[in-house]
Amino acid sequence: MTEEQIIGLLTSNIIYLLAAALVVIVILKGIKIVPQSEKYVVERFGRLHSVLGPGINFIVPFLDVARHKISILERQLPNATQDAITKDNVLVQIDTSVFYRILEPEKTVYRIRDVDGAIATTVAGIVRAEIGKMDLDEVQSNRSQLINRIQESVETAVDDWGIEVTRAEILDVNLDQATRDAMLQQLNAERARRAQVTEAEGQKRSVELQADAELYAAEQSAKARRILAEAEAYATGVVAKVIQDNGLEAAQYQVALKQVEALNALGNGSGKQTIVLPANALEAFGDAFKMLKGGK
């Protein structure tokens, strides 16, 4: 086939070729494949018509236009620092970070121009308002509660923009040097107070234990005395019973026994001793020895 024949064939079929090309273009224009991480906002004659989700979507070619391609992935705002004054008039610097994602692109596109800037401004105002309701100690100790309150307030504020705030974080709470020095002095004073309280409690416990020990010793001593008294009473009762049964001889025997014991005690004394005895003492001791030996 010569070149002239080819040109003639194309010329005779130009209408069909143009029609086929038009069909291909229409098909390509009417099919929109949306990635999983995006949503397309479609306009028709400049007005919102529909929102295309992930997958294959069909639109009217040349009438519908995918004007905005919005990512629905979670985003993080740049870390921001804002000054705030606590309820007890302490100036603090709060470092915050916010994570969000777009749920309804049609609201985000047509209701707010700068999403990141609007959220950052909203967060700064809410942080200042919430910090102003709390003392410095509460800000330091109840950070999780403060984060929850900030996140709830931000979610309420950005709800009309089709945005979901997934997380709000307070990264750091910074104080000026004067406030830090004052807090350090307060901390040292609190540590000293706790040390004194601990020492006083230790001394109190020591006194209580000593008193308990003395009380226990007194109770044991009283118990020992009671036992000795009961033993003495029992011995006295036995002696009285013997005297009652055997008469005067039993009493004389007991007296003689005590005299011998006293004499032995005097004899066993340390050092040189001079013992003065009455004239009839030897006779009494002799009688006592006779009675101990069973003599009459």
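Residues numbered from 1 in each chain as written. Predicted model: local features only at pLDDT ≥ 70, side-chain atom pairs only at ≥ 80, totals over all residues. Heavy atoms only, no water.

### Some remarks on the overall build of the protein chain
Okay, step 1: Scanning the protein chain for helices and strands turns up nine helices and nine strands.
Okay, step 2: The long-range share in the protein chain, meaning contacts at least 24 apart out of those at least 6 apart in sequence, stands at 64%.
Okay, step 3: A total of about 20,800 Å² of accessible surface is found on the protein chain, and carbon and sulfur atoms cover 56% of it. (Helix = DSSP H or I, 4+ residues; strand = E, 2+ residues; numbered from the N terminus. Contact = heavy atoms within 4.5 Å. Areas by Shrake-Rupley, 256 points an atom, 1.4 Å probe, with all protein chains shown as cover.)

### Looking at the environment of Ala-80
Okay, step 1: Tracing the backbone through its elements, the reader meets Ala-80 in strand E7 (residues 80-85).
Okay, step 2: Measuring from C-alpha to C-alpha, the distance between Ala-80 and Ile-170 comes to 9.8 Å, with 90 residues separating the pair along the chain.
Okay, step 3: When near neighbours in sequence (up to four residues on either side) are disregarded, Ala-80 contacts Ile-94, Asp-95 and Thr-96.

### A closer look at a negative patch on the surface
Okay, step 1: Taken together, Glu-152, Glu-155, Asp-159 and Asp-160 make up a surface patch of like negative charges.
Okay, step 2: On the secondary structure map, Asp-159 appears in the loop between helix H6 (143-157) and strand E9 (163-175). (Patch = residues over 30% accessible without salt bridge, like charges linked within 9 Å, V, L, I, M, F, W, Y side chains within 5 Å. Salt bridge = Lys/Arg side-chain N within 4 Å of Asp/Glu carboxyl O. Lys, Arg positive; Asp, Glu negative; His and termini not counted. Charge placed at Lys NZ, Arg CZ, Asp CG, Glu CD.)

### Quick word on the sheet that holds strand E2 (residues 38-44)
Okay, step 1: Strand order in this open sheet of three strands is E3-E2-E5, and the pairing throughout is antiparallel. In this open sheet, the two edge strands, each paired with only one partner strand, are strand E3 (47-52) and strand E5 (64-71). Strand-to-strand twist of the sheet, defined as the mean angle between neighbouring strand axes without regard to direction, takes the value 30°.
Okay, step 2: Here E2 runs beside E3; their pairing, made up of five bridges, is antiparallel. The partner of Val-42 across the bridge, within E3, is Ser-50. (Pairing = 2+ DSSP bridges. Axes fitted to C-alpha atoms, helices over the stretch in contact; angles between N-to-C directions.)

### Examining a nonpolar patch on the surface
Okay, step 1: Nonpolar side chains collect at one region of the surface, where Val-23, Ile-27, Ile-31, Ile-33, Ile-56 and Phe-58 lie side by side and expose about 620 Å² of accessible area between them.
Okay, step 2: With respect to the helices, strands and loops of the structure, Ile-31 is situated in strand E1 (residues 31-34).

### Observations regarding the pattern of salt bridges
Okay, step 1: Under the defined criterion, the tally for this structure stands at ten salt bridges.
Okay, step 2: Put simply, Arg-67 and Glu-43 hold a salt bridge, and the shortest N to O gap is 3.1 Å. Of this pair, Arg-67 sits in strand E5 while Glu-43 is found in strand E2, placing the two residues 24 residues apart along the sequence.
Okay, step 3: The exposure class assigned to Glu-43 is buried, which follows from its relative accessible area of 8%.
Okay, step 4: Of the charged contacts in the structure, one is a salt bridge between Lys-107 and Glu-104, with a shortest N-O distance of 3.3 Å.
Okay, step 5: A single salt-bridge network, built from bridges that share partners, covers Glu-130, Lys-133 and Arg-149. (Buried < 20%, exposed > 50% of the residue type's maximum accessible area, 1.4 Å probe, protein only.)

Shape descriptors only; they carry no functional weight alone.
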